[in-house]
Amino acid sequence: AHVFGPALDDERPATLSPAVVQRILREELAFEGVILSDDLEMKAISSKIAVPAAAIQAVQAGCDGVLVCSGDVDVQAATLEALVHAVEEERIAYKRLEDALARLRRAKERFLTAPVTSQKTARIRQVLGCDAHQRIVDEMARYV
């Protein structure tokens, strides 16, 4: 969340704070699951910092993925491009990406191998990896 807790980090909201994401969630609480940001286009973040810059800070802080939810393809593309440049310029460590990818893969494997226990889960599995999603993956791959 984009909450601001000065006792935890007196400069950044939780989403962008290594003290919250890395130290508290990962180290103190030993959370090994996927950490996603809240929508970076929410005013708590976007009124103070551009979405692409916020995405970089969120990943640097320890988020495994960032949400950019308005549907503004230009903002989403700029965010993806900024993340790629941050990795190329070593502002985001490659090891940081490898760790995130490993967590995302584990989550996907758990989901896809779990027994289908509801109609909702069955519908979700039908949508995952559909042609529209594959087109998005192909488009994103152009930036990498």
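Bear in mind that the values here come from a model prediction, so they are computed numbers and not experimental data.

### Topic: the overall build of the chain
Check the secondary structure of the chain and you find 7 helices and 2 strands. When the helices and strands of the chain are read in sequence order from the N terminus, they spell out α-β-α-α-β-α-α-α-α. Over its C-alpha atoms the chain spans a radius of gyration of 16 Å, differing by no more than 12% from the 15 Å that the globule rule assigns to 144 residues. Dimensions of the chain along its principal axes, counting C-alpha atoms only, are 45 × 35 × 30 Å. A total of 144 residues make up the chain; the buried ones form 30% of that total. Sequence separation of 24 or more characterises 57% of the internal contacts of the chain that already satisfy a separation of 6 or more. About 9400 Å² of surface is accessible on the chain, with carbon and sulfur atoms providing 58% of the total.

### Quick look at the packing of helix 5 (residues 94–113) against helix 6 (residues 119–127)
Closest axis-to-axis distance for the helix 5/helix 6 pair is 11 Å, and the angle between their directions is 125 degrees. Put simply, helix 5 runs oblique to helix 6. Crossing hand, helix 5 versus helix 6: left-handed. Along its contact with helix 5, which presents F111, L112 and T113, the element helix 6 presents T121, I124 and R125. For the contact of helix 5 with helix 6, the class distribution of residues is 3 nonpolar, 2 polar and 1 charged.

### Things to note about the packing of helix 3 (residues 51–61) against helix 4 (residues 73–88)
Helix 4 packs onto helix 3 with a crossing angle of 45 degrees between their chain directions and a minimal axis gap of 8 Å. On the basis of their axis angle, the class for helix 3 and helix 4 is oblique. The element helix 3 and its partner helix 4 pack so that their crossing is right-handed. Where helix 3 approaches helix 4, its residues V51, P52, A55, I56 and V59 are matched on the opposing element by V75, A78, T79, A82, L83 and A86.

### Here we look at the pattern of salt bridges
One pass over the structure, following the stated rule, counts 8 salt bridges. D9 is the partner of R12 in a salt bridge, and the nearest nitrogen-oxygen pair spans 3.0 Å. One salt bridge connects E28 with R23, and the closest N-O pair in it is separated by 2.9 Å. Its relative accessible area of 55% is what places E28 among the exposed residues. Taken together, the shared-partner salt bridges in this structure form one network comprising R26, D64, R96 and R103.

The rules behind these values
- Sequence order as written defines residue numbering, which begins from 1 separately in each chain.
- The model is predicted, so local features are restricted to residues of pLDDT at least 70 and side-chain atom pairs to those at 80 or more, both for listing and for counting; the totals for chains, interfaces and linings are taken over all residues.
- The basis for the side-chain values is all heavy atoms of the structure; hydrogens and waters are excluded.
- A run of H or I in DSSP counts as a helix once it spans at least four residues, and a run of E counts as a strand once it spans at least two, with each numbered from the N terminus.
- The atom set for the radius of gyration is the C-alpha atoms, and the globule formula is 2.2 Å times the number of residues raised to the power 0.38.
- Each residue is placed in one exposure class: buried if its accessible area under a 1.4 Å probe, protein chains only, is under 20% of its type's maximum, exposed if it is over 50%, and partly exposed if it falls in between.
- Residue contacts follow a heavy-atom distance rule, with two residues in contact if any of their heavy atoms lie within 4.5 Å.
- Here the open area of atoms and residues is found with the Shrake-Rupley method and a 1.4 Å probe, where only the protein chains shown may cover a residue.
- Only the stretch in contact is used when fitting a helix axis, every axis being a line fitted to C-alpha atoms; angles between N-to-C directions are given from 0 to 180 degrees.
- These descriptions rest on fixed angle ranges, namely under 35 degrees for roughly parallel, over 145 for roughly antiparallel, 65 to 115 for roughly perpendicular, and the rest for oblique.
- By definition, turning the near helix anticlockwise from the far helix through less than a right angle yields a left-handed crossing, and turning it clockwise yields a right-handed one.
- Classification used: nonpolar for Ala, Val, Leu, Ile, Met, Phe, Trp, Tyr, Cys and Pro, charged for Asp, Glu, Lys and Arg, polar for all others including Gly.
- One side-chain nitrogen of Lys or Arg within 4 Å of one carboxyl oxygen of Asp or Glu is enough to make a salt bridge.

Bear in mind that shape data such as this cannot, by itself, settle questions of function.
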